[in-house]
Amino acid sequence: MNAIVSGLSAAGRYLKAVMGDNAYEVYLAHHAASHPGTPALPERVFWRERDDGQDRNPQGRCC
Amino acid sequence: MSDDVKRTRPEAGDTAAVIEQDPALPPVTVPEAEREAEERHWTPLKIAIWAAIALLGGVAWVMLAVVRGETVNAIWFVFAAVCTYLIAYRFYSKFIERAITRPDDRRATPAEYNANGKDYVPTDRRVLFGHHFAAIAGAGPLVGPVLAAQMGYLPGTLWIIVGVILAGAVQDYLVLFFSTRRGGRSLGQMARDQLGRVGGTAAIIATLVIMVIIVAILALVVVNALGESPWGVFSVSMTIPIALFMGVYLRYFRPGKITEVSIIGFVLLMAAIVGGGAVAATEWGAAAFTLDRTTIAWGIIIYGFIAAILPVWLLLAPRDYLSTFMKIGTIFMLAAAIIFVRPEITVPAFSEFAGDPAGGPVVAGSLFPFLFVTIACGALSGFHALIASGTTPKLLEKERQARFIGYGGMLMESFVAIMALVAAISIDRGLYFAMNVSAANTLGTVEGAVAFVNSLGLTGVNLTPELLTQTAQNVGEESIVSRTGGAPTLALGLAHIMQSFIGGTAMMSFWYHFAIMFEALFILTAVDAGTRVARFMLQDTLGNIVPRFRDASWTLGAWICTAIMVAAWGAILIMGVTDPLGGINTLFPLFGIANQLLAAIALAVCLAIVADRGYFRYLWVVALPLAFATVVTVTASLYKIFSPVPAVGYWAQNAAFREALAAGDESFGTAPTRAAMEAVVRNTVVQGSLSILFVTLTVIVIGVAIFRTIRAFQNGGGVNTEDPVVPSRIFAGSGLVATKAEKRIQKEWDALPVERRRAKARHE
């Protein structure tokens, strides 16, 4: 039973990572490592900038 | 392995002295000797597993290619494909790694040395595999194999599987690796660096034109799937408000909850499919949503323009999330369904049309070269080079992972193509032809379709009007005659398989529209993104003349360039929709040719890079697929330009119709009026000119690449266009599963205090 639960939660985490849910955590980890002592972007601002970045630099989707 | 290669400058193998490891950190890679020992060590268990894989694959191929009984079970397709992929991945891609790419995990990737926490992020390899796969796979591998099923199942199956291991996956892997070594530069930039001004410019223009063609023909597939289908039109239009809702939700209510909003979107989407059936059943619904193809085409053109100028967060990003979510879900569902249902296939290995130089009613022309341009995505897709350069390299953690992501990702797409082929051939052959032959032949009526299909004289095919009307009724459509473009056939195949898995005949109409929906979703996402990317490329090019176009914040400039790009693909789309000769069937070869010409360009760039590195002994790894893609596309283009057979050659068709017009005929061939005849003359001029343009640009690019390769050979190598070496300070495994040595080193890293673990170069 535990194996099933942990398997499902691992699958859930994987799906979330592929969809990009963890982008802010990744950014925070990067920020903490590279710019310690400086304030990181607040979550809302981060997501906004992430979307707006795509306006300036669109990514292709294949056929 | 490296000492037998002539070298003129330091290579990956020689950089040991250059790359100095931080002594305070655990190793950033498995030591060369240890990895070699592990890879070359064959335990009896390992030998037994690979022997079993080879045996199973061999049996499957024998069942498909040699035994070819009255019927063949679909499971053999799965075994043949998966076993061949595993062997190719383990042995051939490993060979390419040792001979050509020679990754060095002591070197930092752009994701590491440029890390900014946003677009340059060292990403877990399994997550990146998902990202990369979602970016490369779309509707392409779902459509081409369906059309090629006209020739029987074996030509398509062979080309998809052999093509991917020797060509498609090689291209994806090499482009990904070479772009990673060059800071994640795009294919266009690499072409400029590697091939100089002329070759580079030709490559960029070709890319732009090819993108326009690809977007137009994908849009045409959607138009054909939705024409005269109120259910489809309703549920696909509902994706727009659903995406808008998701966009607003993510922007203002729950930023970052991407999976959550995708699940909500998915539920709404299912509701839209079910609701579509109810709406289409009402009188007002049928009246409001039964649209002819020209109207739908105009709708997509207007939509495409608006979607490309709206902010990304509002429409494009949420649609992309939904599309990714559906992609992962439906592929697993399709694989599970095929494995559980294991349909019996009655289509012959080689059909009557496989040996016919004139081809058949779905794809005109002989098997060579037209099989190889009809199936592009899934076997060899140049478009992937645009993703494998630029986007994915900025997320790649370690050089050695490029094999898993690049080669492995493409194998996965190839498997999708195999499943699409299986779905398409699991339906009755008579139905297949009734759906895929253009209305010019079937007259769009049940009687016309029955008469035409039965007149083809196919063995074992006896189409009845009852079968056509019954099937149409089962999938909730008015008619399924001449639903060309591949998507409806795949949808029917999928519905056919899924209904015996879940739900029975009563669920068939749901599954059919579910399949139409996800194909439309993939394609519309590709149309949005393609228009945007093409617009940026145009802005960049125009910026050489009017510098202001480079300024991305200049709204008018962006609008002008968007309008130009939309007008370009829109014109081809309208041309395809109104074409009296059947649109998709004449235009689809152009899609395949365009896609593979892009592949030829990407491979040409790779060829020049491999030559510059001095690895001439292994040049054939790139030269082989490049030569094949070049021969196929150039031959196909020349057929399209010079063939005297009107069904094959654009100019021959043009001449035939011009003569008929000059003779004062009131109708000719399948064109019933003089206006239609004039349309054929116009369309063939455009198609013929595009063919000439493509082939000219490609010959220039390949010519320059060969010239550079010969020069590099004479000099024993060439200029190194790689970025300078930066020592890596992180560790990660390279394959799907971590090896023993990788686990050991990972433990050392896990024991390190967190603040020292990912201490990368600061860039304040």
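Residues numbered from 1 in each chain as written. Chains lettered and ligands numbered in written order. Predicted model: local features only at pLDDT ≥ 70, side-chain atom pairs only at ≥ 80, totals over all residues. Heavy atoms only, no water.

An unreviewed UniProt entry annotates chain B as Carbon starvation protein A originating from Mycetocola manganoxydans. Comment text from UniProt for chain B, heading Subcellular location (unreviewed entry), reads "Cell membrane". The Sequence similarities (unreviewed entry) comment attached to chain B in UniProt states, word for word, "Belongs to the peptide transporter carbon starvation (CstA) (TC 2.A.114) family." (UniProt positions renumbered as here; feature names shortened; annotations may be inferred.)

Per an unreviewed UniProt entry, chain A goes by DUF466 domain-containing protein and derives from Mycetocola manganoxydans.

Enquirer: Any chance you could explain the overall build of chain B here in plain terms?
Expert: Helix and strand content of chain B: 29 helices and 2 strands. Its C-alpha atoms give chain B a radius of gyration of 26 Å, near enough to 27 Å, the size a compact globule of 764 residues would have. A buried classification covers 62% of the 764 residues belonging to chain B. For chain B, long-range pairs separated by at least 24 residues make up 83% of all intrachain contacts whose partners lie at least 6 apart in sequence. Split by element, the accessible area of chain B, about 27100 Å² in all, is 67% carbon and sulfur. If the 56 positive side-chain charges of chain B are averaged to one point and the 53 negative ones to another, these points end up 8 Å apart. (Helix = DSSP H or I, 4+ residues; strand = E, 2+ residues; numbered from the N terminus. Rg over C-alpha atoms; globule rule 2.2 N^0.38 Å. Buried < 20%, exposed > 50% of the residue type's maximum accessible area, 1.4 Å probe, protein only. Contact = heavy atoms within 4.5 Å. Areas by Shrake-Rupley, 256 points an atom, 1.4 Å probe, with all protein chains shown as cover. Lys, Arg positive; Asp, Glu negative; His and termini not counted. Charge placed at Lys NZ, Arg CZ, Asp CG, Glu CD.)

Enquirer: Help me understand the interface of chain B and chain A, please; the structure alone is not making it clear to me.
Expert: Accessible area lost during the coming together of the parts is what is often quoted as the interface size. Chain B puts 57 residues into the contact, and the matching count from chain A is 35 residues. Across the interface of chain B and chain A, roughly 3900 Å² is buried in total on both sides, 60% from carbon and sulfur atoms. Counting across the interface, chain B meets chain A through 3 salt bridges. In this structure, B:Lys118 and A:Glu49 form a salt bridge, with 3.8 Å as the shortest nitrogen-oxygen distance. At the boundary of chain B and chain A, one finds 8 residue pairs in polar contact (both at pLDDT 80 or more). The element that contributes the greatest number of residues to the side of chain B that touches chain A is helix H5 (residues 125-136) of chain B, accounting for 7 residues. Partitioning the side of chain B that touches chain A into residue classes produces 31 nonpolar, 16 polar and 10 charged. (Buried area = accessible area lost by both parts, 1.4 Å probe. Salt bridge = Lys/Arg side-chain N within 4 Å of Asp/Glu carboxyl O. Polar contact = N/O pair within 3.5 Å; in protein donor to acceptor, adjacent residues only side chain to side chain. Nonpolar A, V, L, I, M, F, W, Y, C, P; charged D, E, K, R; others polar.)

Enquirer: Whenever I open this one, the environment of B:Ser689 confuses me. Can you help?
Expert: Residues and elements named next belong to chain B. For Ser689, the location among the structural elements is in helix H27 (residues 674-715). Judged by relative accessible area, which is 35%, Ser689 ranks as partly exposed. As a C-alpha pair, Ser689 and Trp651 span 38 residues in sequence and 9.2 Å in three-dimensional space. Polar contacts involving the side chain of Ser689 include one to the main-chain carbonyl oxygen of Val685, which spans 2.6 Å.

Enquirer: Got a minute to help me understand a nonpolar patch on the surface in this structure?
Expert: Residue and element names in this part refer to chain B. On the surface, a nonpolar cluster with roughly 400 Å² of combined accessible area is contributed by Leu158, Val162, Leu166, Trp620 and Leu624. Every element with two or more residues in the nonpolar patch is listed here: helix H7 (153-181) and helix H25 (620-642). Locating Leu166 in the fold gives a position in helix H7. (Patch = residues over 30% accessible without salt bridge, like charges linked within 9 Å, V, L, I, M, F, W, Y side chains within 5 Å.)

Enquirer: Looking at this structure, how should I read the environment of B:Phe289?
Expert: Within the element layout of this structure, B:Phe289 appears in helix H11 (residues 283-289). Apart from residues lying up to four places away in sequence, B:Phe289 is in contact with B:Ser229, B:Pro230, B:Val233, B:Phe234, B:Val279 and B:Trp284.

Enquirer: How should I be thinking about the pattern of salt bridges in this particular structure?
Expert: Working definition: two side chains of opposite charge can pair if their charged atoms are close together. All names here are of chain B. Here the structure, examined in full by the defined rule, presents 27 salt bridges over all chains. Here Arg729 ties to Asp22 by a salt bridge, and the two come within 2.8 Å at their closest N and O atoms. Placement of the pair is Arg729 in the loop between H27 and helix H28 (740-751) and Asp22 in the segment before helix H1 (32-40), with a sequence separation of 707 residues. The partly exposed category is assigned to Asp22, whose relative accessible area is 22%. With a closest N to O distance of 3.3 Å, Glu32 and Arg35 form a salt bridge. Residue Glu32 and its partner Arg35 are located together in helix H1, separated by 3 residues, close to a single helical turn. A cluster of three or more residues bridged by salt bridges with shared partners is formed by Glu32, Arg35, Glu36, Glu39, Arg40, Lys94, Glu97, Arg98, Arg400 and Arg403.

Enquirer: Explanation requested: the side chain of B:Ser389 in the structure shown.
Expert: Relative to the helices and strands, B:Ser389 resides in the loop between helix H15 (384-388) and helix H16 (402-425). For B:Ser389, the contacting residues outside a window of four places in its chain are B:Val175, B:Ser179, B:Arg185, B:Ser186, B:Leu187 and B:Met190.

Enquirer: Sorry if this is basic, but what is going on with the packing of aromatic side chains here?
Expert: What describes a pair of aromatic rings is the distance from one ring centre to the other and the angle between the planes of the rings. All names here are of chain B. Under the defined criterion, the tally for this structure stands at 37 aromatic pairs over all chains. For the ring pair Phe177 and Phe178, a centre distance of 6.1 Å and an interplane angle of 70° mean the geometry is edge-to-face. For Phe178, a relative accessible area of 0% translates into the label buried. By the ring-pair criterion, three or more aromatic residues cluster together here, those being Phe510, Trp511, Phe514, Phe518 and Phe522. The cationic tip of Arg102 hangs over the ring face of Tyr615; the distance from NZ or CZ to the ring centre is 3.8 Å. If you follow Lys640 out to its NZ or CZ, it ends over the ring of Tyr650, 4.9 Å from the centre. (Phe/Tyr/Trp six-rings, centres within 6.5 Å; stacked < 30°, edge-to-face > 60°. Lys NZ or Arg CZ within 6 Å of the ring centre and 35° of its normal.)

Enquirer: Teacher, can you tell me more about the confidence of the model for chain B here?
Expert: All names here are of chain B. For chain B, per-residue confidence averages 91 on the pLDDT scale, and residues scoring 70 or more make up 96% of the total. This model gives residues 1-17 a pLDDT under 50, and the stretch forms 33 contacts once residues within four places in sequence are excluded. A low-confidence stretch, residues 759-764 (pLDDT under 50), is modelled with 14 contacts involving residues beyond four sequence positions or located in other chains. (pLDDT = per-residue confidence, 0-100.)

Enquirer: Which parts of the structure should I look at to understand H28(B)?
Expert: Every α-helix winds through 3.6 residues per turn, so residues three or four apart in the chain are directed the same way. Residue and element names in this part refer to chain B. For H28, built from 12 residues, the straight-helix expectation of 16 Å at 1.5 Å per residue is met to within 8% by its first-to-last C-alpha distance of 17 Å. The set of residues buried in H28 consists of Ala741, Glu742, Ile745 and Trp749. One side of H28 holds all its buried residues, which, seen down the axis, span an arc of 95°. In H28, the exposed positions angled more than 90 degrees off the buried face are occupied by Lys740, Lys743, Lys747 and Ala751. (Expected span 1.5 Å × (residues − 1). Arc of directions from axis to C-beta.)

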